[in-house]
Amino acid sequence: MIDQKNARLAALAFTLIFVSTVAVLMARQLNLGPERPAPGFRTFGPADAPVHVYEYTDLACPACRQATLRIDEMRKVFGAGLRVSFKHYPLLNIHPWSLQAAAYSDCAGEQGKFKEYTDLLFASQEKWAGAKDQPKEFETFARQLKLDWEKLRVCSEAPETLKRLRLDIAEADMKGVNATPTFFVNGKRAVGAGQLIDQAMKFDNVMRKAAKP
Amino acid sequence: MNPGTKDIIGLAARLAVGGIFIYAGVTKALAPAEEFAYAIESYRVLNSQLSLYAAYVTPWVELYAGLLLAAGVFTRWSALFSGVMLVFFELLLGQAWLRKLPITSCGCFGTSGSNSIAGEFLQNLAFLALAAAAFKYGRAWSADRAVEKP
């Protein structure tokens, strides 16, 4: 009798564990967890914008360069209705310098020029992305933007900077991001600029709904 | 205390401790393990590799322990296990408090806000008392009781 009771309880325990595990893993894939905020210098647009796009980007990826142009156009079209946050997802196996580029761009951001620095990196991707030695563009662009290069260099190797990048990568891995650019538009996934534009067609509706009292 | 009151206290304690474990487990399981690992590292007890292993495992253990306790499956064992975990967390918090470690987030509930270490320590003491109540009186309206019925 006791064995039968324990067997029933064990079966119930197993069921609870199995169902909760599946539910949490599904919630991860469906991006139901809270989004880690991106640093302020990587975020553009008002905090109360009805549409919030998170972009996982790799500064050495050509599709990300195109996507950034689309994002810039969208920011012009949708104005205060759109908030965009960038997160780094350097594809380390194919782009040897993208982690460094991400670190330098964050440090440029800390000096107030994230967007300007990443625009220069995107525009000259073919010069530095496949370089065999440390690309000189990182320094050239910093000096061109009148950033403090020495400070930038120290910052790019600082544990806090690398920790922030590792957390971005870990978060992307957990959400099943495996290509760049990947967007989360109000939590809904879009891979590539094409899918983003498909979702952008619904932005007007979202904004209209948000504007209703 | 009459049996009805004890049962209600036991059930409330079970749901409170179980609920808090479920919440703590889910919030951390839905965030990158590295984030929790950094919080564990800040206690300066484990190195970074062991902190990462702990960060992978702990949220799931919390979730399962919380679920079993809330549902009243092997209630006394679940309450005891939760209590042991709380004692372990108290030791971690206590040593950090005594060493005045600069911990800004205890890591208890992922990235969501955290009280001071002293505040978390005292809060855990309250949960420990509730776990004791769940251990002693928590079998009412439990799965344990349900399977006893013919």
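Position numbers for residues count from 1 along each chain, tracking the sequence in the order it is written. The lettering of chains begins at A and the numbering of ligands begins at 1, in the order of writing. Local features in this predicted model are restricted to residues whose pLDDT is 70 or higher, and side-chain atom pairs enter the listing and the counts only when it is 80 or higher, whereas totals over whole chains, interfaces and linings include all residues.

A.B. asks: Even after reading the chapter, I still don't get the overall build of chain A, so can you show me in this structure?
C.D. replies: Secondary structure follows DSSP: runs of H or I at least 4 residues long count as helices, runs of E at least 2 residues long count as strands, and numbering of each begins at the N terminus. Helices and strands together make up the secondary structure of chain A, namely 10 helices and five strands. Each of the 213 residues in chain A was classed as buried or not, and the buried ones make up 33%. A sequence separation of at least 24 residues applies to 78% of the contacts in chain A between residues at least 6 apart. The exposure scheme places C-beta atoms from the backbone and then counts, for each residue, the other C-beta atoms within 10 Å of its own, assigning buried at 20 or more, exposed at 12 or fewer, and partly exposed in between. What counts as a contact is two residues whose backbone-derived C-beta atoms lie within 7 Å of each other.

A.B. asks: Even after reading the chapter, I still don't get the confidence of the model for chain A, so can you show me in this structure?
C.D. replies: A low pLDDT score tells you not to read the predicted coordinates there in detail. Confidence of the prediction at every residue is given by pLDDT, a number between 0 and 100. Predicted confidence across chain A gives a mean pLDDT of 92, with 98% of residues reaching 70 or more. Mean pLDDT values over the elements of chain A span from 75, in helix 10 (residues 203–211) of chain A, up to 97, in helix 3 (residues 98–110) of chain A.

A.B. asks: Looking at this structure, how should I read the interface of chain B and chain A?
C.D. replies: Interface extent is often summarised as the accessible area lost during association of the parts. In this complex, chain B contributes 21 residues to the contact, which on the side of chain A involves 20 residues. Those elements giving two or more residues to the side of chain B that touches chain A turn out to be helix 1 (3–29), helix 2 (33–41), helix 3 (48–71) and helix 6 (143–148) of chain B. Considering each element in turn, the side of chain B that touches chain A owes the most residues, five residues, to helix 3 of chain B. Considered class by class, the residues forming the side of chain B that touches chain A number 16 nonpolar, one polar and four charged. Classification used: nonpolar for Ala, Val, Leu, Ile, Met, Phe, Trp, Tyr, Cys and Pro, charged for Asp, Glu, Lys and Arg, polar for all others including Gly.

A.B. asks: Looking at this structure, how should I read the packing of helix 3 of chain A against helix 7 (residues 149–156) of chain A?
C.D. replies: Residue and element names in this part refer to chain A. Interaxial angles span 0 to 180 degrees and are taken between N-to-C directions of axes, which are lines fitted to C-alpha atoms, for helices over the stretch in contact. The interhelical angle for the contact between helix 3 and helix 7, taken along N-to-C directions, is 125°, at an axis separation of 9 Å. By the angle between their axes, helix 3 is oblique relative to helix 7. Note that helix 3 runs across helix 7; the crossing there is right-handed. Residues Q100, A103, Y104, C107, A108 and E110 of helix 3 form the contact with helix 7, whose participating residues are L152, C155 and S156. Class assignment of the residues belonging to the contact of helix 3 with helix 7 gives a composition of six nonpolar, two polar and one charged. Here roughly perpendicular refers to angles of 65 to 115 degrees, roughly parallel to angles under 35, roughly antiparallel to angles over 145, and oblique to all remaining angles. Note on convention: near helix rotated counterclockwise from far helix by under a right angle means a left-handed crossing. Clockwise means right-handed.

A.B. asks: In this structure, what is going on with the packing of helix 8 (residues 159–174) of chain A against helix 2 of chain B? I would like to understand it.
C.D. replies: When two helices pack together, their arrangement is captured by the angle between the axes and the distance separating the axes. Close contact between helix 8 of chain A and helix 2 of chain B brings their axes to 8 Å; oriented N to C, the two are set at 140°. Taken together, the axes of helix 8 of chain A and helix 2 of chain B are oblique relative to one another. Facing K163(A), R166(A), L167(A) and A170(A) of helix 8 of chain A, the residues of helix 2 of chain B in contact are A33(B), E34(B), E35(B) and Y38(B).

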